[in-house]
Amino acid sequence: MRIGFGYDSHRFEEGRRLVLGGVEFPGETGLKGHSDADALVHAIIDALLGAAALGDIGSHFPDTDPRWKDADSTALLAAVVKEIRAAGYGVGNIDATVVCERPKLRPVIDLMRERLASVMNVGKGRISLKGKTNEQMDAVGAGLGIVAHAVCLLEELGAKS
Ligand code: MG
């Protein structure tokens, strides 16, 4: 088994749509970024790549590359899961926390879990998501952006566990 950790943050930007965990939040201010700026998916990608010692999201999908402009981050996640499998690993589980003052995540947590599980081709029971506020402290607490943390476990394919 291999453990990985990922972190990401994006600041809000007017005029962008908000996408988190592959789920769109209509009416909410979006995040600034080269791709769709899905901070949760980016943190999960970094956790997966980290666990397999395969670099990070920036080395796979540089933000200077026009191919990833406004990219759907779930497509990047699907590509990373494929690469992880090619390296001989399956996704054991993901546990992630999103920190923001808004939007409220609880009503859509299950939808995000379902979406991520489907993109990663794993059972929903392997994906855990939590939403927290930063209790109005620091930049995230002041509502400037969204932060995501993720850990993952990879299992060696073919290995007995
Ligand atoms: Mg990012």
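Up top you'll find the structure we're talking about.
Here's a quick rundown of the structure.

**Section: a nonpolar patch on the surface**
- A surface patch of nonpolar side chains, amounting to about 290 Å² of accessible area, comprises Phe5, Tyr7 and Val151.
- Here tyrosine 7 shows up in strand S1 (residues 2–20).

**Let's talk about the pattern of salt bridges**
- Using the criterion set out here, one finds 11 salt bridges in the structure.
- The salt bridge partner of lysine 32 is glutamate 13, with a shortest N-O separation of 3.9 Å. Residue lysine 32 is located in the loop between strand S2 (23–31) and helix H1 (39–51), and its partner glutamate 13 is located in strand S1; the two are separated by 19 residues in the primary sequence.
- Exposure remark for lysine 32: the relative accessible area of 45% places this residue in the partly exposed category.
- Salt-bridge contacts for arginine 113 lead to aspartate 110; the nearest nitrogen and oxygen are separated by 2.9 Å. You can see arginine 113 and its partner aspartate 110 sitting in helix H4 (residues 109–120), 3 residues apart, about one turn around the helix.
- Residues participating in the shared-partner salt-bridge network are Asp110, Arg113, Glu114 and Lys124.

Rules behind the numbers
Residues numbered from 1 in each chain as written. Predicted model: local features only at pLDDT ≥ 70, side-chain atom pairs only at ≥ 80, totals over all residues. Heavy atoms only, no water. Patch = residues over 30% accessible without salt bridge, like charges linked within 9 Å, V, L, I, M, F, W, Y side chains within 5 Å. Areas by Shrake-Rupley, 256 points an atom, 1.4 Å probe, with all protein chains shown as cover. Salt bridge = Lys/Arg side-chain N within 4 Å of Asp/Glu carboxyl O. Helix = DSSP H or I, 4+ residues; strand = E, 2+ residues; numbered from the N terminus. Buried < 20%, exposed > 50% of the residue type's maximum accessible area, 1.4 Å probe, protein only.

Function cannot be read off these values alone, since they describe shape.
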